[in-house]
There are 2 protein chains.
Amino acid sequence: MLQLTKRTEYGLIALVHIAERGAVDSGAFVSAREICDRYPIPRRLVAEVLKALQKHSLVESQRGATGGYALSRRPEAITLGQIVAALEGAPPLTSCESPIVLKGGGCEVQPLCPIRSPVHRVREQLWGLLEHTTLESLLPQPSGARARTSPTLS
Amino acid sequence: MLQLTKRTEYGLIALVHIAERGAVDSGAFVSAREICDRYPIPRRLVAEVLKALQKHSLVESQRGATGGYALSRRPEAITLGQIVAALEGAPPLTSCESPIVLKGGGCEVQPLCPIRSPVHRVREQLWGLLEHTTLESLLPQPSGARARTSPTLS
DNA sequence: TCCAAATAGCACCAAATCGGTGCGGTATCG
DNA sequence: CGATACCGCACCGATTTGGTGCTATTTGGA
(Lines give C-alpha, C1' and ligand atoms only; values in the text may rest on other atoms or scores of the structure.)
Protein backbone atom coordinates (compact mmCIF):
# COMPACT_ATOMS: atom_id res chain seq x y z
CA MET A 1 0.00 0.00 0.00
CA LEU A 2 1.18 3.43 -0.83
CA GLN A 3 0.18 4.66 2.56
CA LEU A 4 1.79 5.51 5.82
CA THR A 5 1.06 3.18 8.70
CA LYS A 6 -0.66 4.22 11.87
CA ARG A 7 2.64 3.88 13.62
CA THR A 8 4.12 6.55 11.40
CA GLU A 9 1.17 8.80 11.86
CA TYR A 10 1.40 8.42 15.61
CA GLY A 11 5.10 9.08 15.41
CA LEU A 12 4.51 12.23 13.42
CA ILE A 13 1.96 13.48 15.88
CA ALA A 14 4.25 12.73 18.78
CA LEU A 15 7.20 14.42 17.16
CA VAL A 16 5.18 17.46 16.21
CA HIS A 17 3.87 17.70 19.73
CA ILE A 18 7.31 17.35 21.24
CA ALA A 19 8.69 19.91 18.85
CA GLU A 20 5.93 22.35 19.69
CA ARG A 21 6.71 21.99 23.35
CA GLY A 22 10.26 22.95 22.57
CA ALA A 23 11.70 19.75 23.98
CA VAL A 24 14.97 19.53 22.12
CA ASP A 25 18.11 17.78 23.24
CA SER A 26 17.45 17.32 26.93
CA GLY A 27 16.11 20.81 27.32
CA ALA A 28 12.86 19.38 28.61
CA PHE A 29 11.04 16.12 28.39
CA VAL A 30 7.54 15.38 27.21
CA SER A 31 5.98 12.25 28.60
CA ALA A 32 4.12 9.74 26.49
CA ARG A 33 1.20 10.26 28.81
CA GLU A 34 0.96 13.92 27.95
CA ILE A 35 0.78 13.02 24.28
CA CYS A 36 -1.90 10.40 24.60
CA ASP A 37 -3.84 12.60 26.97
CA ARG A 38 -4.10 15.11 24.19
CA TYR A 39 -4.65 12.79 21.27
CA PRO A 40 -6.56 9.52 21.18
CA ILE A 41 -3.48 7.39 20.79
CA PRO A 42 -3.06 4.31 22.98
CA ARG A 43 -0.31 4.98 25.45
CA ARG A 44 1.36 1.72 24.67
CA LEU A 45 1.58 2.54 21.01
CA VAL A 46 3.07 5.93 21.50
CA ALA A 47 5.70 4.45 23.78
CA GLU A 48 6.52 1.80 21.24
CA VAL A 49 6.80 4.34 18.48
CA LEU A 50 8.95 6.69 20.52
CA LYS A 51 11.17 3.80 21.46
CA ALA A 52 11.74 3.04 17.80
CA LEU A 53 12.48 6.67 17.13
CA GLN A 54 14.94 6.65 19.98
CA LYS A 55 16.74 3.66 18.56
CA HIS A 56 17.23 5.63 15.41
CA SER A 57 18.56 8.60 17.34
CA LEU A 58 15.68 10.85 16.47
CA VAL A 59 14.59 11.35 20.06
CA GLU A 60 16.22 10.94 23.43
CA SER A 61 14.50 9.50 26.44
CA GLN A 62 14.74 10.13 30.13
CA ARG A 63 13.45 7.61 32.61
CA GLY A 64 12.03 8.32 35.97
CA ALA A 65 9.31 10.41 37.47
CA THR A 66 9.84 13.54 35.40
CA GLY A 67 11.13 11.68 32.39
CA GLY A 68 9.89 11.62 28.87
CA TYR A 69 11.14 12.25 25.40
CA ALA A 70 12.95 15.06 23.64
CA LEU A 71 14.12 15.57 20.11
CA SER A 72 17.79 14.80 19.72
CA ARG A 73 18.11 17.35 16.95
CA ARG A 74 16.40 20.54 15.96
CA PRO A 75 13.21 20.04 13.95
CA GLU A 76 14.81 21.33 10.78
CA ALA A 77 17.42 18.59 11.02
CA ILE A 78 14.85 15.81 11.14
CA THR A 79 13.33 14.71 7.86
CA LEU A 80 10.18 12.84 7.03
CA GLY A 81 12.31 10.26 5.32
CA GLN A 82 14.22 9.57 8.51
CA ILE A 83 11.01 9.22 10.44
CA VAL A 84 9.44 6.88 7.94
CA ALA A 85 12.62 4.84 7.68
CA ALA A 86 12.73 4.51 11.45
CA LEU A 87 9.11 3.42 11.78
CA GLU A 88 8.56 1.39 8.65
CA GLY A 89 11.95 -0.15 8.17
CA ALA A 90 14.75 0.64 5.80
CA PRO A 91 13.70 2.28 2.58
CA PRO A 92 12.43 -0.42 0.23
CA LEU A 93 14.32 1.45 -2.44
CA THR A 94 17.43 -0.53 -1.73
CA SER A 95 15.86 -3.94 -1.98
CA CYS A 96 14.97 -4.93 -5.47
CA GLU A 97 11.63 -3.34 -5.95
CA SER A 98 10.23 -5.75 -8.43
CA PRO A 99 12.00 -9.05 -8.14
CA ILE A 100 10.69 -9.97 -11.53
CA VAL A 101 12.72 -12.29 -13.63
CA LEU A 102 12.24 -13.48 -17.11
CA LYS A 103 11.65 -17.16 -17.42
CA GLY A 104 15.10 -18.57 -17.06
CA GLY A 105 16.68 -15.23 -16.37
CA GLY A 106 17.90 -13.71 -13.14
CA CYS A 107 16.85 -10.55 -11.44
CA GLU A 108 20.49 -9.60 -11.16
CA VAL A 109 20.59 -8.96 -14.86
CA GLN A 110 19.01 -5.59 -14.92
CA PRO A 111 18.22 -5.20 -18.60
CA LEU A 112 15.90 -8.17 -18.43
CA CYS A 113 13.46 -6.66 -15.99
CA PRO A 114 11.27 -4.25 -17.89
CA ILE A 115 10.09 -2.09 -15.05
CA ARG A 116 12.72 -2.36 -12.36
CA SER A 117 14.85 0.48 -13.50
CA PRO A 118 12.07 2.99 -14.19
CA VAL A 119 10.26 2.14 -11.01
CA HIS A 120 13.45 2.68 -9.11
CA ARG A 121 13.65 6.12 -10.59
CA VAL A 122 10.19 6.91 -9.35
CA ARG A 123 10.94 5.51 -5.94
CA GLU A 124 14.02 7.64 -5.69
CA GLN A 125 12.04 10.73 -6.46
CA LEU A 126 9.54 9.72 -3.86
CA TRP A 127 12.17 9.34 -1.19
CA GLY A 128 13.76 12.53 -2.31
CA LEU A 129 10.49 14.20 -1.55
CA LEU A 130 10.39 12.68 1.91
CA GLU A 131 13.99 13.59 2.56
CA HIS A 132 13.36 17.20 1.67
CA THR A 133 10.44 17.49 4.03
CA THR A 134 11.64 18.44 7.47
CA LEU A 135 9.83 18.06 10.73
CA GLU A 136 9.91 21.81 11.02
CA SER A 137 7.91 22.16 7.83
CA LEU A 138 5.22 20.02 9.42
CA LEU A 139 4.85 22.32 12.39
CA PRO A 140 1.89 24.67 12.39
CA GLN A 141 3.91 27.82 11.76
CA PRO A 142 4.73 28.99 15.30
CA SER A 143 5.96 32.44 14.27
CA GLY A 144 2.89 33.41 12.29
CA ALA A 145 4.38 33.23 8.84
CA ARG A 146 1.19 31.84 7.42
CA ALA A 147 -2.21 32.84 8.68
CA ARG A 148 -3.08 29.35 9.76
CA THR A 149 -4.91 29.11 13.02
CA SER A 150 -2.59 27.74 15.59
CA PRO A 151 -3.94 24.71 17.39
CA THR A 152 -2.95 26.29 20.70
CA LEU A 153 -2.38 23.05 22.41
CA SER A 154 -1.02 24.54 25.56
CA MET B 1 3.85 0.60 4.12
CA LEU B 2 5.15 3.09 1.68
CA GLN B 3 5.51 0.46 -0.95
CA LEU B 4 3.73 -0.75 -4.01
CA THR B 5 2.00 -4.10 -3.78
CA LYS B 6 2.84 -7.06 -5.93
CA ARG B 7 -0.41 -6.53 -7.73
CA THR B 8 0.72 -3.10 -8.81
CA GLU B 9 4.08 -4.41 -9.90
CA TYR B 10 2.43 -7.14 -11.89
CA GLY B 11 0.10 -4.60 -13.38
CA LEU B 12 2.99 -2.40 -14.39
CA ILE B 13 4.78 -5.28 -16.00
CA ALA B 14 1.67 -6.32 -17.84
CA LEU B 15 0.97 -2.81 -19.04
CA VAL B 16 4.53 -2.26 -20.13
CA HIS B 17 4.46 -5.51 -22.01
CA ILE B 18 1.18 -4.72 -23.68
CA ALA B 19 2.42 -1.28 -24.60
CA GLU B 20 5.59 -2.69 -26.06
CA ARG B 21 3.55 -5.01 -28.23
CA GLY B 22 1.71 -2.03 -29.53
CA ALA B 23 -1.66 -3.30 -28.43
CA VAL B 24 -3.63 -0.10 -28.16
CA ASP B 25 -7.37 0.31 -28.42
CA SER B 26 -8.36 -2.96 -30.09
CA GLY B 27 -5.51 -2.79 -32.53
CA ALA B 28 -4.32 -6.13 -31.27
CA PHE B 29 -4.73 -8.18 -28.14
CA VAL B 30 -2.13 -9.62 -25.84
CA SER B 31 -3.20 -12.65 -23.86
CA ALA B 32 -2.52 -13.07 -20.19
CA ARG B 33 -0.81 -16.28 -21.07
CA GLU B 34 1.75 -14.54 -23.20
CA ILE B 35 2.60 -12.25 -20.31
CA CYS B 36 3.03 -14.98 -17.75
CA ASP B 37 4.94 -17.07 -20.23
CA ARG B 38 7.47 -14.33 -20.39
CA TYR B 39 7.55 -13.28 -16.73
CA PRO B 40 7.18 -15.49 -13.69
CA ILE B 41 3.78 -14.16 -12.76
CA PRO B 42 0.99 -16.59 -11.89
CA ARG B 43 -1.53 -16.59 -14.70
CA ARG B 44 -4.36 -16.13 -12.28
CA LEU B 45 -2.84 -13.06 -10.77
CA VAL B 46 -2.20 -11.33 -14.05
CA ALA B 47 -5.78 -11.98 -15.07
CA GLU B 48 -7.06 -10.56 -11.82
CA VAL B 49 -4.92 -7.50 -12.16
CA LEU B 50 -5.87 -6.92 -15.77
CA LYS B 51 -9.50 -7.28 -14.84
CA ALA B 52 -9.11 -4.54 -12.27
CA LEU B 53 -7.39 -2.36 -14.82
CA GLN B 54 -10.20 -3.02 -17.22
CA LYS B 55 -12.79 -1.95 -14.69
CA HIS B 56 -10.98 1.33 -14.43
CA SER B 57 -10.94 1.71 -18.22
CA LEU B 58 -7.20 1.45 -18.52
CA VAL B 59 -7.31 -1.65 -20.69
CA GLU B 60 -9.90 -3.31 -22.87
CA SER B 61 -10.42 -7.02 -23.06
CA GLN B 62 -11.50 -9.34 -25.80
CA ARG B 63 -12.78 -12.80 -25.01
CA GLY B 64 -12.45 -15.80 -27.17
CA ALA B 65 -9.72 -17.80 -28.78
CA THR B 66 -7.66 -14.89 -30.05
CA GLY B 67 -8.65 -12.60 -27.25
CA GLY B 68 -6.55 -10.76 -24.73
CA TYR B 69 -5.99 -7.27 -23.50
CA ALA B 70 -5.15 -3.96 -25.10
CA LEU B 71 -4.56 -0.50 -23.73
CA SER B 72 -7.62 1.67 -24.02
CA ARG B 73 -5.48 4.77 -24.39
CA ARG B 74 -2.05 5.60 -25.67
CA PRO B 75 0.73 4.99 -23.15
CA GLU B 76 1.36 8.71 -22.71
CA ALA B 77 -2.25 9.13 -21.59
CA ILE B 78 -1.96 6.57 -18.81
CA THR B 79 -0.35 7.69 -15.59
CA LEU B 80 1.21 5.80 -12.76
CA GLY B 81 -1.29 7.44 -10.47
CA GLN B 82 -4.17 5.97 -12.41
CA ILE B 83 -2.61 2.54 -12.32
CA VAL B 84 -1.93 2.66 -8.62
CA ALA B 85 -5.39 4.00 -7.92
CA ALA B 86 -6.92 1.18 -9.93
CA LEU B 87 -4.94 -1.56 -8.23
CA GLU B 88 -4.64 -0.30 -4.67
CA GLY B 89 -7.93 1.47 -4.28
CA ALA B 90 -8.85 5.10 -4.34
CA PRO B 91 -6.08 7.46 -3.43
CA PRO B 92 -5.84 7.60 0.36
CA LEU B 93 -5.40 11.29 -0.10
CA THR B 94 -9.10 11.87 -0.07
CA SER B 95 -9.84 9.97 3.08
CA CYS B 96 -8.63 11.71 6.15
CA GLU B 97 -5.07 10.62 6.33
CA SER B 98 -4.66 10.84 10.05
CA PRO B 99 -8.02 10.52 11.70
CA ILE B 100 -6.55 12.03 14.81
CA VAL B 101 -8.79 13.98 17.03
CA LEU B 102 -8.07 15.97 20.07
CA LYS B 103 -9.71 14.58 23.14
CA GLY B 104 -13.21 15.87 22.83
CA GLY B 105 -12.63 17.31 19.41
CA GLY B 106 -13.63 16.07 16.01
CA CYS B 107 -11.52 15.24 13.04
CA GLU B 108 -13.81 17.34 10.92
CA VAL B 109 -12.47 20.45 12.51
CA GLN B 110 -9.28 20.78 10.60
CA PRO B 111 -7.36 23.24 12.73
CA LEU B 112 -7.43 20.82 15.63
CA CYS B 113 -5.41 18.08 14.01
CA PRO B 114 -1.77 19.06 14.15
CA ILE B 115 -0.44 16.98 11.31
CA ARG B 116 -3.34 16.40 9.02
CA SER B 117 -2.91 19.46 6.93
CA PRO B 118 0.85 19.21 6.46
CA VAL B 119 0.71 15.51 5.77
CA HIS B 120 -1.93 16.14 3.18
CA ARG B 121 0.43 18.54 1.50
CA VAL B 122 3.08 15.87 1.33
CA ARG B 123 0.63 13.31 0.06
CA GLU B 124 -0.50 15.66 -2.63
CA GLN B 125 3.04 16.14 -3.80
CA LEU B 126 3.48 12.41 -3.80
CA TRP B 127 0.42 11.83 -5.93
CA GLY B 128 1.45 14.67 -8.14
CA LEU B 129 4.61 12.76 -8.80
CA LEU B 130 2.66 9.64 -9.68
CA GLU B 131 0.28 11.57 -11.86
CA HIS B 132 3.12 13.10 -13.82
CA THR B 133 4.68 9.75 -14.52
CA THR B 134 3.18 8.27 -17.65
CA LEU B 135 3.23 4.68 -18.74
CA GLU B 136 5.23 5.81 -21.72
CA SER B 137 8.00 7.07 -19.47
CA LEU B 138 8.24 3.60 -17.98
CA LEU B 139 8.85 1.99 -21.32
CA PRO B 140 12.43 1.05 -22.15
CA GLN B 141 13.05 4.05 -24.45
CA PRO B 142 11.00 3.05 -27.49
CA SER B 143 12.36 5.72 -29.80
CA GLY B 144 12.66 9.13 -28.26
CA ALA B 145 15.05 8.78 -25.32
CA ARG B 146 13.07 10.95 -22.97
CA ALA B 147 13.18 8.94 -19.81
CA ARG B 148 12.03 11.65 -17.57
CA THR B 149 9.21 11.34 -15.13
CA SER B 150 8.64 14.68 -13.57
CA PRO B 151 10.97 17.64 -13.31
CA THR B 152 12.27 18.70 -9.90
CA LEU B 153 9.30 19.25 -7.75
CA SER B 154 11.12 20.21 -4.59
C1' DT C 1 12.58 6.19 53.01
C1' DC C 2 9.11 4.97 50.27
C1' DC C 3 5.92 5.67 46.67
C1' DA C 4 4.34 7.28 42.36
C1' DA C 5 5.49 8.27 37.76
C1' DA C 6 7.71 7.10 33.79
C1' DT C 7 10.41 4.40 30.39
C1' DA C 8 12.09 -0.53 28.85
C1' DG C 9 11.37 -5.06 27.39
C1' DC C 10 8.94 -9.15 26.35
C1' DA C 11 5.29 -11.94 24.83
C1' DC C 12 0.91 -12.19 23.06
C1' DC C 13 -3.42 -11.48 20.46
C1' DA C 14 -7.20 -10.33 16.84
C1' DA C 15 -8.07 -8.41 12.61
C1' DA C 16 -6.91 -6.96 8.15
C1' DT C 17 -4.34 -7.38 4.14
C1' DC C 18 -1.63 -9.79 0.67
C1' DG C 19 -0.25 -13.24 -2.43
C1' DG C 20 -2.01 -17.01 -4.54
C1' DT C 21 -5.23 -20.93 -6.01
C1' DG C 22 -9.56 -24.01 -7.53
C1' DC C 23 -13.35 -24.53 -10.04
C1' DG C 24 -16.63 -23.77 -13.08
C1' DG C 25 -18.85 -20.61 -16.63
C1' DT C 26 -18.92 -18.06 -21.00
C1' DA C 27 -17.43 -16.15 -25.33
C1' DT C 28 -14.91 -16.62 -29.70
C1' DC C 29 -12.21 -18.39 -33.50
C1' DG C 30 -10.80 -22.22 -36.51
C1' DC D 1 -17.15 -29.30 -31.93
C1' DG D 2 -13.26 -27.97 -29.33
C1' DA D 3 -9.37 -25.43 -28.07
C1' DT D 4 -8.30 -21.01 -26.36
C1' DA D 5 -9.03 -17.23 -23.45
C1' DC D 6 -11.51 -14.14 -20.44
C1' DC D 7 -14.98 -13.95 -16.25
C1' DG D 8 -16.63 -14.56 -11.53
C1' DC D 9 -16.79 -16.46 -7.13
C1' DA D 10 -15.08 -18.39 -3.20
C1' DC D 11 -11.33 -19.90 -0.63
C1' DC D 12 -6.77 -20.48 1.71
C1' DG D 13 -2.23 -19.61 4.20
C1' DA D 14 1.15 -16.29 5.50
C1' DT D 15 2.39 -11.92 6.75
C1' DT D 16 1.62 -7.48 8.54
C1' DT D 17 -0.87 -4.21 11.50
C1' DG D 18 -2.88 -2.38 15.33
C1' DG D 19 -3.22 -3.03 19.98
C1' DT D 20 -2.77 -5.04 24.87
C1' DG D 21 -0.83 -7.29 29.47
C1' DC D 22 2.48 -7.69 32.56
C1' DT D 23 6.69 -6.90 34.73
C1' DA D 24 11.11 -4.77 35.57
C1' DT D 25 13.82 -0.67 36.22
C1' DT D 26 14.86 4.06 36.82
C1' DT D 27 14.05 8.53 38.88
C1' DG D 28 12.11 12.52 41.44
C1' DG D 29 9.60 14.17 45.17
C1' DA D 30 6.57 14.01 49.41
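Every value quoted in this text rests on a predicted model; they were computed, and no experiment measured them.

**What to know about the overall build of chain A**
Now for step 1: Each helix and strand counted, chain A has six helices and two strands in total.
Now for step 2: Mapped in sequence order, the helices and strands of chain A form the string α-α-α-β-β-α-α-α.
Now for step 3: Every one of the 154 residues in chain A was classed for burial, and the buried ones make up 48%.
Now for step 4: For chain A, the proportion of contacts with a sequence separation of at least 24, taken over those separated by at least 6, is 67%.
Now for step 5: Accessible surface, chain A as shown: approximately 7400 Å² in total, 50% of it carbon and sulfur.

**Examining the pattern of salt bridges**
Residue and element names in this part refer to chain B.
Now for step 1: Applying the stated rule across the entire model yields six salt bridges over all chains.
Now for step 2: Close ionic contact of R7 with E48 constitutes a salt bridge, the shortest N to O distance being 2.9 Å. With R7 in helix α1 (residues 6–20) and E48 in helix α3 (residues 43–55), the pair connects residues that are 41 residues apart, well separated along the chain.
Now for step 3: Given a relative accessible area of 31%, E48 falls into the partly exposed group.
Now for step 4: For R33, the salt bridge is made with D37, and the minimal N-O distance between the two is 3.7 Å. Taken together, the residues R33 and D37, both in helix α2 (residues 32–38) and four residues apart, mark about one turn of the helix.
Now for step 5: Note on R33: relative accessible area 48%, which makes it partly exposed.

**Things to note about the protein's contact with DNA strand D**
Now for step 1: Lining the immediate environment of DNA strand D, one finds 27 residues, of which K6 and R44 of chain A together with M1, A32 and S61 of chain B sit closest.
Now for step 2: Between a phosphate oxygen of DNA strand D and a main-chain N or O atom of K6 of chain A, the distance comes to 2.9 Å.
Now for step 3: Within the surface near DNA strand D, the residues separate by chemical class into eight nonpolar, 10 polar and nine charged.

**Observations regarding the protein's contact with DNA strand C**
Now for step 1: Among the 27 residues in the neighbourhood of DNA strand C, the closest are listed as M1, A32 and S61 of chain A together with K6 and R44 of chain B.
Now for step 2: Within the side chain of R63 of chain A, a nitrogen or oxygen atom sits 3.3 Å from a base oxygen of DNA strand C.
Now for step 3: At the level of elements, α2 (32–38), α3 (43–55), β1 (59–62) and β2 (68–71) of chain A together with α1 and α3 of chain B are the ones that each hand at least two residues to the surface near DNA strand C.
Now for step 4: Within the surface near DNA strand C, the residues separate by chemical class into eight nonpolar, 10 polar and nine charged.

**Some points on the environment of G22 of chain A**
Residue and element names in this part refer to chain A.
Now for step 1: Mapped onto the elements of the fold, G22 is located in the loop between α1 (6–20) and α2.
Now for step 2: Since its relative accessible area comes to 44%, G22 is described here as partly exposed.
Now for step 3: Linking G22 and A70, residues 48 residues apart in sequence, is a C-alpha distance of 8.4 Å.

**Notes on helix α4 (residues 80–88) of chain B**
An α-helical segment advances 3.6 residues per turn. Residues three or four places apart therefore align on the same side.
Now for step 1: Among the nine residues of α4 of chain B, eight are classified as buried, and the element is accordingly described as predominantly covered.
Now for step 2: Turning to α4 of chain B, its buried residues number three or more, namely L80, G81, I83, V84, A85, A86, L87 and E88 of chain B.
Now for step 3: Among the structural elements, α5 (116–131) of chain A together with α1, α3, α5 (116–131) and α6 (135–138) of chain B are those in contact with the buried residues of α4 of chain B.
Now for step 4: G89 of chain B lies just past α4 of chain B and shows a positive phi near 90°.

How each quantity is defined
- Residues numbered from 1 in each chain as written.
- Chains lettered and ligands numbered in written order.
- Predicted model: local features only at pLDDT ≥ 70, side-chain atom pairs only at ≥ 80, totals over all residues.
- Heavy atoms only, no water.
- Helix = DSSP H or I, 4+ residues; strand = E, 2+ residues; numbered from the N terminus.
- Buried < 20%, exposed > 50% of the residue type's maximum accessible area, 1.4 Å probe, protein only.
- Contact = heavy atoms within 4.5 Å.
- Areas by Shrake-Rupley, 256 points an atom, 1.4 Å probe, with all protein chains shown as cover.
- Salt bridge = Lys/Arg side-chain N within 4 Å of Asp/Glu carboxyl O.
- Near = heavy atom within 4 Å.
- Polar contact = N/O pair within 3.5 Å; in protein donor to acceptor, adjacent residues only side chain to side chain.
- Nonpolar A, V, L, I, M, F, W, Y, C, P; charged D, E, K, R; others polar.

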